[in-house]
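Working through the structure, step by step
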Amino acid sequence: MTLSIRSASAADLPLIADLIRALADYEKLLHEVRFDEATLRAKLFGPRPYAEVVIGEIDGAAQGFALFFHNFSTFEGKPGIYLEDLFVRPEARGSGLGKALLSHLAALAVERDCARLEWSVLDWNEPAIGFYRSLGARAMDEWTVMRVDGPALQQLGAAAR
């Protein structure tokens, strides 16, 4: 069995869309997937890419992906990598592909002089939490993720005008 990680290209967009939907289905959030592929293509592969994607393959067949982008730590004075999505197809779990994807991102973080690699995980996803802890990740329990979206985002943005 050969594991490989490669950077995605615009030609991978249907695959990326399929993997995003598969992840959402696993997380019981498929009803929240709203992207259209044209917008996703523009945001990932247009003149100003907002995120990067790597594809994980087993024996040349795509079995997973990681979508990530840079954030910035003011305390460290350095960028970081934020992993938005990591997914390995159920039939490929246990192959080492998830670890290979995370190791690839950690190597990128080191290469790019980043202070950290971080991500969020659903509280109920005990298998993932255990896996991440086995790699040396620690929970940031003292932090609460906050979000403004939809009409609240529109309203808050309108307050700036």
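As the structure is a prediction and not an experimental result, all values here were calculated from the model.

1. Thoughts on the overall build of the protein chain
The helix and strand tally for the protein chain stands at 5 helices and 5 strands. Starting at the N terminus and walking to the C terminus, you meet the elements of the protein chain as β-α-α-β-β-β-α-β-α-α. Taken against the 2.2 N^0.38 rule, which gives 15 Å for 161 residues, the C-alpha radius of gyration of the protein chain at 17 Å falls within 12% of a compact globule. Restricting the contact set of the protein chain to residue pairs at least 6 apart, pairs at least 24 apart contribute 58%.

2. Considering the packing of helix H1 (residues 13-26) against helix H2 (residues 37-45)
Contact pair H1 / H2: the axes reach a minimum separation of 11 Å and the direction vectors enclose 105 degrees. Considered as vectors, H1 and H2 are oriented roughly perpendicular to each other. Of the residues in H2, those in contact with Leu13, Pro14, Ile16, Ala17, Ile20 and Arg21 of H1 are Glu37, Leu40, Arg41, Leu44 and Phe45. Here the contact of H1 with H2 is composed, by residue class, of 8 nonpolar, no polar and 3 charged.

3. Some thoughts on the sheet that holds strand S5 (residues 117-119)
Within the open sheet, the 5 strands sit side by side as S1-S2-S3-S4-S5. Their pairing is mixed. Each edge of the open sheet is held by one strand with a lone partner, namely strand S1 (3-7) and S5. Between one strand and the next, the sheet's axes are offset by a mean angle of 30 degrees, whatever the strand orientation. Two strands pair when backbone bridges link them, and strand S4 (residues 78-88) and S5 are joined in this way by 3 bridges, in the parallel orientation. When the bridges of S5 are listed, Ile81 appears paired with Leu117.

4. Concerning the pairing of strand S3 (residues 61-73)
Across 7 bridges, the pairing between strand S2 (residues 52-58) and S3 is antiparallel. Across the sheet, residue Ile55 finds its bridge partner in S3, namely Phe65. Linkage of S2 to S3, two consecutive antiparallel strands, is achieved through a turn of 2 residues, within which Asp59 is found at a positive phi near 50 degrees. Turn length for the S3-S4 hairpin, with the two strands adjacent in sequence and antiparallel, is 4 residues, and the turn residue Gly77 shows positive phi of about 70 degrees.

5. Section: the nonpolar core
Formed by 18 residues in total, the largest nonpolar core has its most connected members in Ala66, Leu86, Leu101 and Leu105. Counting residues per element, this core draws most heavily on helix H3 (residues 97-111), which supplies 6 residues. Residue contacts for Ala66: discarding those within four places in its chain leaves Glu52, Val53, Val54, Leu83, Asp85, Leu86, Leu101 and Leu105. Grouped together as the second largest cluster of nonpolar side chains are 14 residues, Ala8, Ile16, Leu19 and Leu44 included.

Rules used in this analysis
Residues numbered from 1 in each chain as written. Predicted model: local features only at pLDDT ≥ 70, side-chain atom pairs only at ≥ 80, totals over all residues. Heavy atoms only, no water. Helix = DSSP H or I, 4+ residues; strand = E, 2+ residues; numbered from the N terminus. Rg over C-alpha atoms; globule rule 2.2 N^0.38 Å. Contact = heavy atoms within 4.5 Å. Axes fitted to C-alpha atoms, helices over the stretch in contact; angles between N-to-C directions. Parallel < 35°, antiparallel > 145°, perpendicular 65-115°, else oblique. Nonpolar A, V, L, I, M, F, W, Y, C, P; charged D, E, K, R; others polar. Pairing = 2+ DSSP bridges. Core = buried A, V, L, I, M, F, W, Y, C linked by side-chain atoms within 4.5 Å. Buried < 20%, exposed > 50% of the residue type's maximum accessible area, 1.4 Å probe, protein only.

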